[in-house]
Amino acid sequence: MGTMGTVLLAVLGPLALVLGVLVFALDSMARVTFALLGSLVCVGGVVTVLGLPYLGVVIVLMMVMEMVIMAVFMIAYMMNPAGLMPMSMVHNKRGALVISGTVFAALAAGVFLVPWPERTGARPQDTTFQVGMALMKEQMLTMITLGFVLLATMVGATVLATRRGRYDRFGDDLDQRPAKDPAGGGVGR
């Protein structure tokens, strides 16, 4: 890791920590969502800098989509306007503080007390392939096939669940002008 990698770690690590603390310090669901998004994007950046670019990009993409969906649902369905009303994000503050402090101290002690293994052999050329093999082993082809089958199933179920097609509003011979929506209301209104 070069100078740029060290600088990125020095910036992204503390920023992820600060944004993670803000998740519990802010007082609205919308602000908390974006603080959590920022923290997890920084974690994805750290993972990328540490030499696992595929995993880092997956973390970033997954968290961005998850947090955006969460924000949209909060704006659409929460009783208070867009999740912006003040509220506490922590319940049982004293108990949570004791538990989180104890867990943090145990994990921090583990970093220094555990005998870390030394690297044996050379670093693999393609870390993405190594992560895939570690996760899937011999089942990689099976999982890829299952992914396509699941995608086709979702698309097929969506197509079968809709009552009308794209051109139904133009009539059977596609000559109905102006188009009339079979579900009610026309385009010309």
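Look a little higher up for the structure.
These numbers come from a predicted model, not from an experiment.

### As for the side chain of Ser39
Relative to the assigned elements, Ser39 resides in helix H2 (residues 29-49). On the basis of relative accessible area, Ser39 is assigned to the buried category, the value being 9%. Dropping the residues within four chain positions of it, Ser39 is found in contact with Ala16, Leu19 and Gly20.

### A closer look at the layout of surface pockets
Of the pockets and cavities examined, the largest pocket occupies roughly 380 Å³. Every element with two or more residues in the lining of the largest pocket is listed here: helix H1 (3-25) and helix H4 (93-113). If you tally residues by element for the lining of the largest pocket, the top one is H4, at 7 residues. Considering only residue class, the lining of the largest pocket consists of 9 nonpolar, 2 polar and 1 charged. One number sums up the size of the second largest pocket: a volume of about 160 Å³. Taken together, Tyr54, Leu55, Thr128, Val131, Gly132, Leu135, Met136 and Met140 make up the lining of the second largest pocket. Going through the elements one at a time, helix H3 (53-77) and helix H5 (127-136) are the ones with two or more residues in the lining of the second largest pocket. Looking at which element gives the most residues to the lining of the second largest pocket, the answer is H5, with 5 residues. A per-class count over the lining of the second largest pocket returns 6 nonpolar, 2 polar and no charged.

Cut-offs and rules
- Residues numbered from 1 in each chain as written.
- Predicted model: local features only at pLDDT ≥ 70, side-chain atom pairs only at ≥ 80, totals over all residues.
- Heavy atoms only, no water.
- Helix = DSSP H or I, 4+ residues; strand = E, 2+ residues; numbered from the N terminus.
- Buried < 20%, exposed > 50% of the residue type's maximum accessible area, 1.4 Å probe, protein only.
- Contact = heavy atoms within 4.5 Å.
- 1 Å grid on protein atoms, 1.4 Å probe; cavity = no way out; pocket = protein on both sides within 12 Å on 5 of 7 lines; lining within 4 Å.
- Points joined across faces, edges and corners; volume = space filled by probe spheres on them.
- Nonpolar A, V, L, I, M, F, W, Y, C, P; charged D, E, K, R; others polar.

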